[in-house]
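Structural features, examined
Listed here are the chains, written in short residue letters.
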Amino acid sequence: MTKPMAKTFVDTFLGQAPQWYKLTIIAFLIINPILLLTAGPFVAGWALIAEFIFTLTMALKCYPLPVGGLLAMEAVIIGLTTPEIIYHEAHKNFEVILLLIFMVAGIYFMKDFLQFTFTRILVNVRSKKIIALLFCFAGAFLSAFLDALTVTAVIMAVALGFYSVYHKYVSSTGGGLEGSHDLSSDMHLKEQNREELREFRAFLRNLMMHGAVGTALGGVCTLVGEPQNLLIGSEMGWHFVPFMINVMPVTLPVFFVGMLTCLAVEQFKIFGYGATLPGNIRSFLFEEAMRLEEKQGQAGKLKLIIQALTGVWLIAALAFHLAAVGIIGLSVIVILTSFTGVIEESRLGPAFEEALPFTALLVVFFAVVAVIHSQQLFAPIIEYVLSLHGQHQLMAYYIANGLLSSISDNVFVATVYISETKIHFVHLLNSIPGISMTGQALMDKLTDPHMARADVIAALPQAAGEQVHNIMHQFDKLAVAINTGTNIPSVATPNGQAAFLFLLTSALAPVIRLSYGRMVMLALPYTITMSISGLIAVDLFL
């Protein structure tokens, strides 16, 4: 008997998402036009923001692109914003879109070198504290120049590969590598082997979290570490080196606190840390790693050398701003594919699969930001926070961005705050007497990376120039507070950090028994120490 069309529609709509979630989204879509007609665009706009943040927090139930996209389309249809404003937002942030498309794809072709690095750390270092520190540091260093999701994917690939091969080994009759096995089950194994695998899983959970937190520690430091960094940098006119210098008063203390936290949780075996790698598993993994390296031969060694040299090129090109970040990423793709023999379209395509869903979601972010701008939804909040003075204002920004980013997506939060704050400072520039140009035109000059800000200010009347200098100095500090606020406290939950969410939804998570609650608990010591040290640094050093 065939199902009724209505039942088929309900089953098809949003696929495998829970029934209650589907009904909630349908209710949102019905309520929004009613709110617009009865309560006005301001209330309807805020309802849309709350609904969109809800879709971000429920990312484990349904990727936010389809449902967020439906909400954004409805906003255009009912007149909360226009396609032209959305296009303007996307065009303004085109460099960020290029970053996501080409840089992430470029790093995909460096995975062999990254995997080699983490494998060597895992099998060659015996001290658990040193391994943890190296994983955290390597994740931070690599994420400062590469895409955090790719670095996390590499660490996951190393962990899953080693766990899989050892599980298969102990599952096989007679200790061979043949035979089928279920990674999620240990019931068929001897008690000793089950205990070793429990310890191995705990060991891998520890390393995954140290590495993932490392990507957050490094990601906040540079222009390309996180998508919102480039978005903030482009609004402020900061290239790679100026961005790093501006955020360093906060990021450097937090980095050292993060590293000390890594050592402390391993030393005192708290919050689920302190698991060690059984000796016989270490010996097996070392032999397996050596066997794989020998199997690669000369061609494999040459690829590693080419990828390492390309990494040097990437860092140098970013440091000296030889081109837009996305164009540098494209050059990485060209170099690595041509010199390592990746010439088939079928082998090029997968490199772009990881970034494009988030790129599309980012444009949906811009649509929601367009609603915020069109209806001036954040004006009361921004005005209140900016009515505070001095360090209180900076700390309020850091806390507000941190709280929102811990429950929502940090890229979205940063997009809203930096754009709304910039609008406020344009109004402040407009209010200065004795300036012949508009506040927007002056702001464009002051944040133009090809123009020296000091020269622009020097061309103004002296009294006006002093006011402009003070205004822009505070704007710089607020931009740093936004950047650090959205990056550092967001390690609290998988909702705030894309790398955490990526790990939680991966094939590795159920294998090593990494649940949402366990991830929050493992992240808790980092959340406390890094968030507090970031707040203190904002107060003392900005």
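Rules used throughout
- Residues numbered from 1 in each chain as written.
- Predicted model: local features only at pLDDT ≥ 70, side-chain atom pairs only at ≥ 80, totals over all residues.
- Heavy atoms only, no water.
- Helix = DSSP H or I, 4+ residues; strand = E, 2+ residues; numbered from the N terminus.
- Rg over C-alpha atoms; globule rule 2.2 N^0.38 Å.
- Buried < 20%, exposed > 50% of the residue type's maximum accessible area, 1.4 Å probe, protein only.
- Contact = heavy atoms within 4.5 Å.
- Lys, Arg positive; Asp, Glu negative; His and termini not counted.
- Charge placed at Lys NZ, Arg CZ, Asp CG, Glu CD.
- Axes fitted to C-alpha atoms, helices over the stretch in contact; angles between N-to-C directions.
- Parallel < 35°, antiparallel > 145°, perpendicular 65-115°, else oblique.
- Left-handed = near helix turned anticlockwise from the far one by under 90°.
- Nonpolar A, V, L, I, M, F, W, Y, C, P; charged D, E, K, R; others polar.
- Patch = residues over 30% accessible without salt bridge, like charges linked within 9 Å, V, L, I, M, F, W, Y side chains within 5 Å.
- Areas by Shrake-Rupley, 256 points an atom, 1.4 Å probe, with all protein chains shown as cover.
- Salt bridge = Lys/Arg side-chain N within 4 Å of Asp/Glu carboxyl O.
- Phe/Tyr/Trp six-rings, centres within 6.5 Å; stacked < 30°, edge-to-face > 60°.
- Polar contact = N/O pair within 3.5 Å; in protein donor to acceptor, adjacent residues only side chain to side chain.

With respect to the overall build of the protein chain
Each helix and strand counted, the protein chain has 26 helices and 0 strands in total. Here the C-alpha radius of gyration of the protein chain, 25 Å, is about what a compact globule of 542 residues would show, namely 24 Å. For the protein chain, the spread of C-alpha atoms along the three principal axes comes to 85 × 65 × 50 Å. For the protein chain, the proportion of its 542 residues judged to be buried stands at 54%. Relative to all contacts within the protein chain whose residues are 6 or more apart in sequence, the contacts with residues 24 or more apart total 76%. Of the charged side chains in the protein chain, 29 are positive and 35 negative, and the gap between their average positions amounts to 11 Å.

Overview of the environment of Ala454
For Ala454, the location among the structural elements is in helix 22 (residues 453–458). As for Ala454 and His469, which are separated by 15 residues in sequence, their C-alpha atoms are 8.5 Å apart.

Quick word on the packing of helix 8 (residues 128–145) against helix 12 (residues 240–268)
Between helix 8 and helix 12, the least distance of the axes is 10 Å, while the angle of their chain directions is 160°. It follows that helix 8 is roughly antiparallel to helix 12 by the angle criterion. When you trace helix 8 past helix 12, the crossing you get is right-handed. Between helix 8, through Lys128, Lys129, Ala132, Leu133, Cys136, Phe137, Ala140, Ala144 and Phe145, and helix 12, the contact on the second element is made entirely by Phe240, Phe255, Met259, Cys262, Leu263, Glu266 and Gln267. Grouping the amino acids of the contact of helix 8 with helix 12 by side-chain chemistry returns 12 nonpolar, 1 polar and 3 charged.

A word on a nonpolar patch on the surface
On the surface, Phe268, Ile270, Phe271, Met521, Leu524, Ile528, Ile532, Ile536, Leu540 and Phe541 cluster together into a nonpolar patch covering about 940 Å² of accessible area. The dominant element in the nonpolar patch, judged by the number of residues it contributes, is helix 26 (residues 516–541), at 7 residues. A residue is classified by how much of its surface remains accessible, and Phe271, at 31% relative accessible area, is partly exposed.

Concerning the packing of aromatic side chains
Scanning the entire structure with this criterion turns up 19 aromatic pairs. Here Phe137 and Phe255 contribute two aromatic rings whose centre-to-centre distance is 6.2 Å and whose plane-to-plane angle is 65°, an arrangement assigned as edge-to-face. You can see Phe137 sitting in helix 8 and its partner Phe255 sitting in helix 12, a full 118 residues away along the chain. Between Tyr397 and Tyr417, the ring centres sit 5.6 Å apart and the planes meet at 80°, which makes this aromatic pair edge-to-face.

What to know about unusual backbone geometry
Phi is positive for Phe271, which is not a glycine, with a value near 55°. Secondary-structure assignment places Phe271 in the loop between helix 12 and helix 13 (279–319). Located in the positive-phi region is Gln376, a residue other than glycine, with phi close to 50°. Its place among the elements puts Gln376 in the loop between helix 17 (356–375) and helix 18 (379–387).

Here's the deal with the pattern of salt bridges
Across all of its chains, the model carries 8 salt bridges by this definition. Here Lys92 and Glu89 are joined by a salt bridge, their closest N and O atoms 3.5 Å apart. Of the two residues, Lys92 and Glu89 both sit in helix 5 (residues 83–92), 3 residues apart, roughly one turn of that helix. Of the charged contacts, one joins Arg291 and Glu288 as a salt bridge, the two residues approaching to 2.5 Å between their closest N and O atoms. Here Arg291 pairs with Glu288, and both are found in helix 13, just 3 residues apart, close to one helical turn.

A short note on the side chain of Thr81
Position of Thr81 relative to the elements: it lies in the loop between helix 4 (64–77) and helix 5. Among the polar contacts made by the side chain of Thr81, one reaches the side chain of Ser374 at a distance of 3.1 Å. Contacts of Thr81, omitting those with residues within four sequence positions, involve Ala75, Val76, Ile86, Ala367, Ala370, Val371 and Ser374.

Comments concerning the packing of helix 11 (residues 227–236) against helix 20 (residues 410–430)
One can describe the packing of helix 11 onto helix 20 by two numbers: an axis separation of 9 Å at closest approach and a directional angle of 10°. In terms of orientation, helix 11 lies roughly parallel with respect to helix 20. Contacts between helix 11 and helix 20 involve Pro227, Gln228, Leu231, Ile232, Glu235 and Met236 from the former and Asn410, Val411, Ala414, Thr415, Ile418 and Lys422 from the latter. Residues that form the contact of helix 11 with helix 20 fall into these classes: 7 nonpolar, 3 polar and 2 charged.

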